[in-house]
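Now for the letters of each chain:
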Amino acid sequence: MKLVGALVGRFRVFAGLTQRELAERVSLHEETIASLEQGRRPLKPDLARALDRILDTKGALETAVDNMPEIDLIPAWAEQYMDIEAEAIALSWFENQVLPGLLQTESYARAVFRTRIPPFSEEEIDAQVAARLERQEILRRKAPPNLSFILSEAILRDRLGGVAVYREALRNLRTCVDLPGVTIQIMPLGRETHAGLTGQFILLETPDHQHLAYTETQRGSQLISDPDEVSILAQKYAMLRTQALNPEDTKGLLDRLLGDQ
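Caption draft 1: Fine view of the overall build of the protein chain. Helix and strand counts for the protein chain stand at 13 helices and six strands. A globule of 261 residues ought to have a C-alpha radius of gyration of about 18 Å, and the protein chain, at 20 Å, matches this closely. Dimensions of the protein chain, computed from the C-alpha atoms along their principal axes, are close to 60 × 40 × 35 Å. By residue count, 44% of the 261 residues in the protein chain fall in the buried class. Sequence separation of at least 24 residues holds for 69% of the intrachain contacts in the protein chain that already meet a minimum separation of 6. For the protein chain, the computed accessible surface area is about 14,100 Å², with 51% contributed by carbon and sulfur atoms. Side chains of the protein chain give 30 positive and 39 negative charges; the mean places of these two sets differ by 4 Å.

Caption draft 2: The arrangement of the pairing of strand 5 (residues 211–217) in detail. Summarising the sheet, strand 4 (residues 201–205) and strand 5 pair through four bridges and their orientation is antiparallel. Residue pairing for strand 5: Leu204 is matched across the bridge by Leu212. Linking two consecutive strands that pair antiparallel, namely strand 4 and strand 5, is a turn of five residues; a positive phi of about 65° is found at His209 within it. What sits between strand 5 and strand 6 (residues 220–224) in their antiparallel hairpin is a turn of two residues.

Caption draft 3: How the structure looks around helix 7 (residues 79–87). Taken together, the buried positions of helix 7 are Glu79, Tyr81, Ile84 and Glu85. Taken together, the buried residues of helix 7 touch strand 1 (90–95), helix 9 (122–135), strand 4, strand 5 and strand 6.

Caption draft 4: Seen up close, the sheet that holds strand 4. If you walk across this open sheet you meet the six strands as 3-2-1-4-5-6, and the pairing is mixed. Looking at which strands have only one partner, the edges of the open sheet turn out to be strand 3 (182–187) and strand 6. Sheet twist, expressed as the average angle between the axes of neighbouring strands with direction ignored, equals 10°. One ladder, built from six bridges, connects strand 1 with strand 2 (residues 146–152); its direction is parallel. Bridging across to strand 2, Trp93 finds its partner in Phe149.

The rules behind each value
Residues numbered from 1 in each chain as written. Predicted model: local features only at pLDDT ≥ 70, side-chain atom pairs only at ≥ 80, totals over all residues. Heavy atoms only, no water. Helix = DSSP H or I, 4+ residues; strand = E, 2+ residues; numbered from the N terminus. Rg over C-alpha atoms; globule rule 2.2 N^0.38 Å. Buried < 20%, exposed > 50% of the residue type's maximum accessible area, 1.4 Å probe, protein only. Contact = heavy atoms within 4.5 Å. Areas by Shrake-Rupley, 256 points an atom, 1.4 Å probe, with all protein chains shown as cover. Lys, Arg positive; Asp, Glu negative; His and termini not counted. Charge placed at Lys NZ, Arg CZ, Asp CG, Glu CD. Pairing = 2+ DSSP bridges. Axes fitted to C-alpha atoms, helices over the stretch in contact; angles between N-to-C directions.

In structure tokens:
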């Protein structure tokens, strides 16, 4: 990814373009081009072809992407989702194991990536953390999306990364509760019914009002566009919202947890 990114940067300079000018040519954000050139974001085949055409590189970037080692293709699993997430007007996120990436602090994200098996190198952890924090710009957009999160209380009870990381993560979560357009609900422990036992998922609405869903497994991910399948997950989310604590009670739980530190 770093090699391909360096090539993009070199070809762009040879073409006499700034990152912003190139971004405008391919209808992307300037930050996206910067991430590509720094090797923090994988170059997808369709964008590689577009860049080859704009930069007159005679298929060099497309060839590089087609011959990427499998280990470097793994981060591309979620790339399509992240592109949609960045532009979404609404996201509904159920998580039962770890804080959603949009709500993680830097130290919490670092703790998450340190638990990976097989382990990342320190350089890889730095790159993954930087990419995760970059995604959080969605929270600071001039017109932020509507964001709904339902989180298992078990996430709040874990001490991932240690006590200091845990305390910082709780304080950040309590701050996020009051952000415009953000709703956070906690699914309490000890329930007798639960609509989300099959695992985490995310619902998204695009600017053109297309409804999509996204799920992750141990070794892959799936972006779901079939209306029937999306509807099933939307029904699950609606039931989860009735089973979780309401936003006010969620604030109360967070305040109690912070008071117990």
